[in-house]
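Chain residues, written in single-letter form:
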Amino acid sequence: FIPVNCGAIPRELLESELFGHRKGSFTGAISDRKGRFELANGGTLFLDEIGDMSMDLQVKLLRVLQEREIDPVGSQHGIPIDVRVVAATHKNIETLIQQGDFREDLYYRLNVFPLDTIALAERPDDITVLAQSMLRRHTAKGKNVPLLTREACTALSQHSWPGNVRELENVMQRALVLQDDGFVRPENIMITVRSGALLPAQAA
């Protein structure tokens, strides 16, 4: 399983990152380098934030998906690959297609088995379970894992969570720092509001 965040890698480097390159193919290419497709051969390649991929690279990706062969930068020979591709984005792909920022043929090539993830605010029963799991994961080894009080669980379930699971994880990491008696209370749950300020969550 090889993950790639398409939005975090500069556009001019993403092609080499995905397909690899040959020594001397560009300034700084001092040796051959395998790309993520080749590293994932026989497994799964996860393309996160694919909505941020440039149009010219979308064309090359479409060809790879159709031909099942990659062309490393600077190479004259293709390399056959057998890779399952999973793609994700927070953007509305259909809107990007209408705006001319995403290729429709690539969308249909990728859209074999679509999965829509439900926003965290729409599954409140999961919030407490996820929050306690995050506390366990971030508690230092050998330390007791703090427990969420009933009031803290209520406060968590009432928040809208615009940042979804990533926001919840940040909040739990802050709560670990702020609690001091083994219990996470509403006053330990600092929520980021639009102004950028941190405010304590309130339980009804």
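Residues numbered from 1 in each chain as written. Predicted model: local features only at pLDDT ≥ 70, side-chain atom pairs only at ≥ 80, totals over all residues. Heavy atoms only, no water.

1. With respect to the overall build of the protein
Reasoning step 1: Secondary structure summary: the protein contains 8 helices and 9 strands in total.
Reasoning step 2: In summary, the protein has a C-alpha radius of gyration of 22 Å against a globular reference of 17 Å for 204 residues, an excess of more than 25%.
Reasoning step 3: For the protein, the spread of C-alpha atoms along the principal axes amounts to about 65 × 40 × 30 Å.
Reasoning step 4: For the protein, the proportion of its 204 residues judged to be buried stands at 35%.
Reasoning step 5: At a minimum sequence separation of 6, the contacts of the protein that also span at least 24 residues come to 62%. (Helix = DSSP H or I, 4+ residues; strand = E, 2+ residues; numbered from the N terminus. Rg over C-alpha atoms; globule rule 2.2 N^0.38 Å. Buried < 20%, exposed > 50% of the residue type's maximum accessible area, 1.4 Å probe, protein only. Contact = heavy atoms within 4.5 Å.)

2. Some details on helix H7 (residues 150-158)
Reasoning step 1: Turning to H7, its buried residues number three or more, namely Ala-152, Cys-153, Ala-155 and Leu-156. Each buried residue of H7 lies within a common arc of 160° when the element is viewed along its axis, so the set occupies one face.
Reasoning step 2: Against helix H6 (124-138), strand S6 (147-148), helix H8 (164-178) and strand S7 (183-184) lie the buried residues of H7. (Arc of directions from axis to C-beta.)

3. Details of a nonpolar patch on the surface
Reasoning step 1: On the surface, Val-112, Phe-113 and Leu-115 cluster together to form a nonpolar patch covering roughly 430 Å² of accessible area.
Reasoning step 2: Mapped onto the secondary structure, Val-112 falls in the loop between helix H5 (104-110) and H6. (Patch = residues over 30% accessible without salt bridge, like charges linked within 9 Å, V, L, I, M, F, W, Y side chains within 5 Å. Areas by Shrake-Rupley, 256 points an atom, 1.4 Å probe, with all protein chains shown as cover. Salt bridge = Lys/Arg side-chain N within 4 Å of Asp/Glu carboxyl O.)

4. Some details on the sheet that holds strand S2 (residues 44-48)
Reasoning step 1: Read from one edge of the open sheet, 3 strands run S1-S2-S5, paired in parallel fashion. With partners counted over all chains shown, the strands left at the sheet margins are strand S1 (2-5) and strand S5 (84-88), one partner each. On average, adjacent strands in this sheet sit at an angle of 15° to one another, irrespective of strand direction.
Reasoning step 2: Here S1 runs beside S2; their pairing, made up of 4 bridges, is parallel. Residue Ile-2 lies in a different strand from S2, and its bridge partner there is Leu-45. (Pairing = 2+ DSSP bridges. Axes fitted to C-alpha atoms, helices over the stretch in contact; angles between N-to-C directions.)

5. Brief notes about the packing of aromatic side chains
Reasoning step 1: Tallying each qualifying case throughout the model produces 3 aromatic pairs.
Reasoning step 2: Ring geometry for Phe-19 versus Phe-37: centroids 5.6 Å apart, planes at 25°, classification stacked. Placement of the pair is Phe-19 in helix H1 (residues 11-19) and Phe-37 in helix H2 (residues 36-39), with a sequence separation of 18 residues. A single burial state applies to Phe-19 and to Phe-37, both of which are buried. (Phe/Tyr/Trp six-rings, centres within 6.5 Å; stacked < 30°, edge-to-face > 60°.)

6. Details of the nonpolar core
In globular proteins that are soluble, nonpolar side chains generally tend to be buried together.
Reasoning step 1: Of all hydrophobic cores here, the largest spans 28 residues; its most connected members are Leu-18 and Phe-37.
Reasoning step 2: Elements that contribute at least two residues to this core include exactly S1, H1, S2, helix H3 (55-67), helix H4 (93-99) and H5.
Reasoning step 3: Examining the composition of this core, we find that 5 residues originate from one element, H3, more than from any other.
Reasoning step 4: The residues contacting Leu-18, other than those within four sequence positions of it, are Val-4, Gly-35, Arg-36, Phe-37, Leu-47, Met-53 and Leu-57.
Reasoning step 5: One finds Ile-127, Met-134, Cys-153 and Val-171 within the second-largest nonpolar core, a separate group that totals 20 residues. (Core = buried A, V, L, I, M, F, W, Y, C linked by side-chain atoms within 4.5 Å.)

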